[in-house]
Amino acid sequence: MRVLGIETSCDETAASIVLNGRHVLSNIVSSQVALHRQYGGVVPELASRAHLDAVIPIIDLALKKAGIGLSGIDVVAVTRGPGLIGALMVGVQVGKGLALALDRPLVGVNHIAAHLYAAQLSEAPHSASPHSASPHSGPSASDVVESDALPVAYPHIALAVSGGHTALYRVDSPLSFQELGSTLDDAAGEAFDKVALMLGLGYPGGRVIDDLARGGRTDAVAFPRAWLGKRKFDFSFSGLKTAVRTHVKVNGVPVGDGLRDLLASFQEAVADVLVEKAMLAAKEQRVHRIVVAGGVGANSRLRALLTQRCAERRVEAILTPLRYCTDNAAMVAGLGYHLAQAGDVVSPFTLDPDAGLSRSGAPA
Ligand code: KG4
Ligand code: ZN
């Protein structure tokens with residue numbers, strides 16, 4: 001079954017074709033980062049307009065790269081929330097239109113549930129290049145040798161960390177998960193972005209800080225960690241953000257090794273808390289696998305620290321591939337397959353975007 005995924009919840013316009021929930025035949029992402037950079041954050045109205053311009057060409061490209069036409073789509077899956085309402089609206093309307101015109105089932109997908117699913121994706125086997133533009137290069141369902149099991153076993157703990165959300169989950173299947181805790185203030189990615197702005201490093205800040213922090217001393221500045229006592233699975237990054245601001249006020253904006261040390265110390269404070277809380281969740285839930293997903297899941301220090309601490313405590317660390325960490329539509333198509341299999345289809349006449357869709361337990 002080939003599912004077309006459409007993602008327009010924030011500032012990436014994305015479309016993807018995924019075979020049987022796992023094999024990515026194409027994964028096209030058009031980022032609006034350049035558009036929003038001058039404002040230091042995403043401007044919702046600009047995001048919606050940019051989605052409108054990009055969405056049809058991006059879907060076209062996804063079909064071409066998968067080597068199929070519109071008639072080769074079996075199901076349409078679209079992100080319906082959470083996210084920016086005007087941005088979501090674009091993807092949802094296009095998804096509804098396509099499902100109606102092609103007479104195919106439509107599924108509405110929860111963006112966070114899709115992030116949690118992203119580690120299950122892989123490129124299609126038996127194809128020289130999954131991104132080849134040749135119209136005949138896409139593998140068909142019968143080309144692919146399937147096993148029933150998904151690559152990442154269940155249950156597992158998932159750490160979903162991005163610009164909009166930071167939460168810990170127990171995940172029992174693609175369609176069944178439970179939020180154990182979440183951030184009480186800033187998302188981890190927001191902390192990266194705000195610290196980068198503070199230091200004049202531009203927007204978005206995660207990738208820049210990750211690069212600049214390499215080789216820096218992680219213990220150069222003793223930044224606070226919010227363990228939060230009884231709220232052991234919740235997070236808070238606003239105190240850390242303030243501590244960085246105070247440090248810069250007192251000491252000025254450092255350069256060279258000083259900047260490297262400051263960023264490495266900040267990044268360590270974020271990664272340390274994320275990893276320790278995930279480890280604690282794994283212990284309490286008696287599960288032996290931790291998946292890291294979402295844009296901040298691309299952070300090299302977070303990935304290294306999780307890998308190291310998991311190895312020490314005999315827990316399996318599963319690092320979602322970088323291209324499926326940041327927003328993409330392959331994760332939407334992948335989860336869409338499971339929703340369709342479960343019969344969780346929606347009417348193209350009534351599907352509505354939901355900006356405030358719950359993060360806690362609903363896959364659709
Ligand atoms: O998942 P995502 O693409 O969009 C949301 O759903 O929010 O995440 C974007 C966030 C941004 O805050 C960005 O700064 C952060 O992920 N990010 C990173 C890295 N790459 C992206 N944060 C830390 N290290 C990175 N390498
Ligand atoms: Zn996201």
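Residues numbered from 1 in each chain as written. Chains lettered and ligands numbered in written order. Predicted model: local features only at pLDDT ≥ 70, side-chain atom pairs only at ≥ 80, totals over all residues. Heavy atoms only, no water.

**Q** Sorry if this is basic, but what is going on with the overall build of the protein here?
**A** Along the protein, the regular secondary structure elements total eleven helices and eleven strands. Here the C-alpha radius of gyration of the protein, 20 Å, is about what a compact globule of 364 residues would show, namely 21 Å. By its C-alpha atoms, the protein is 60 × 45 × 40 Å across when sized along the principal axes. For the protein, the exposed area adds up to about 14,600 Å²; of that, 53% sits on carbon and sulfur atoms. Here the protein contributes 33 positively and 34 negatively charged side chains, and the mean placements of these two sets differ by 5 Å. (Helix = DSSP H or I, 4+ residues; strand = E, 2+ residues; numbered from the N terminus. Rg over C-alpha atoms; globule rule 2.2 N^0.38 Å. Areas by Shrake-Rupley, 256 points an atom, 1.4 Å probe, with all protein chains shown as cover. Lys, Arg positive; Asp, Glu negative; His and termini not counted. Charge placed at Lys NZ, Arg CZ, Asp CG, Glu CD.)

**Q** Explain the sheet that holds strand β3 (residues 23-31) to me, please; I cannot follow it from the model alone.
**A** Neighbouring strands of a sheet are bound in pairs by backbone hydrogen bonds; such pairs are parallel or else antiparallel. Pairing is mixed in the open sheet, where six strands are placed in the order β5-β4-β1-β2-β3-β6. For this open sheet the edge positions go to β5 (106-110) and β6 (122-123), each flanked by a neighbour on one side alone. Packing against the sheet, helix α3 (residues 85-102) makes contact with β1 (2-7), β4 (75-81) and β5, and its axis sits at approximately 160° to β4. Sheet strands in contact with helix α11 (residues 330-341) are β1, β2 (12-19), β3, β4 and β5, and its direction is about 120° off that of β5. (Pairing = 2+ DSSP bridges. Contact = heavy atoms within 4.5 Å. Axes fitted to C-alpha atoms, helices over the stretch in contact; angles between N-to-C directions.)

**Q** Whenever I open this one, the state of the cysteines confuses me. Can you help?
**A** Two cysteines, two sulfur atoms, one covalent bond between them: this is a disulfide. All chains considered together, the criterion is met by zero disulfides. Not part of a disulfide, Cys 10 finds its nearest cysteine sulfur in Cys 325, a span of 16 Å. On the basis of relative accessible area, Cys 10 is assigned to the partly exposed category, the value being 24%. With relative accessibility at 0%, the residue Cys 325 sits in the buried group. (Disulfide = S-S within 2.5 Å. Buried < 20%, exposed > 50% of the residue type's maximum accessible area, 1.4 Å probe, protein only.)

**Q** Would you explain the pairing of strand β10 (residues 289-293) in this entry?
**A** A regular strand places its side chains so that they alternate between the two faces of the sheet. Burial runs high along β10: five of the five residues are buried. Of the two faces of β10, both are covered, the one formed by Arg 289, Val 291 and Ala 293 as well as the one formed by Ile 290 and Val 292. As paired elements, strand β7 (residues 156-161) and β10 share four bridges and run parallel to each other. Looking at β10, one finds that Leu 159 is bridged to Val 292. With four bridges joining them, β10 and strand β11 (residues 316-319) adopt parallel strand pairing. By the bridge assignment, Val 292 is partnered in β11 with Leu 319. Read from β10 through helix α9 (residues 300-312) to β11, the crossover connection turns out right-handed. (Right-handed = clockwise from strand over helix to strand, strands pointing away.)

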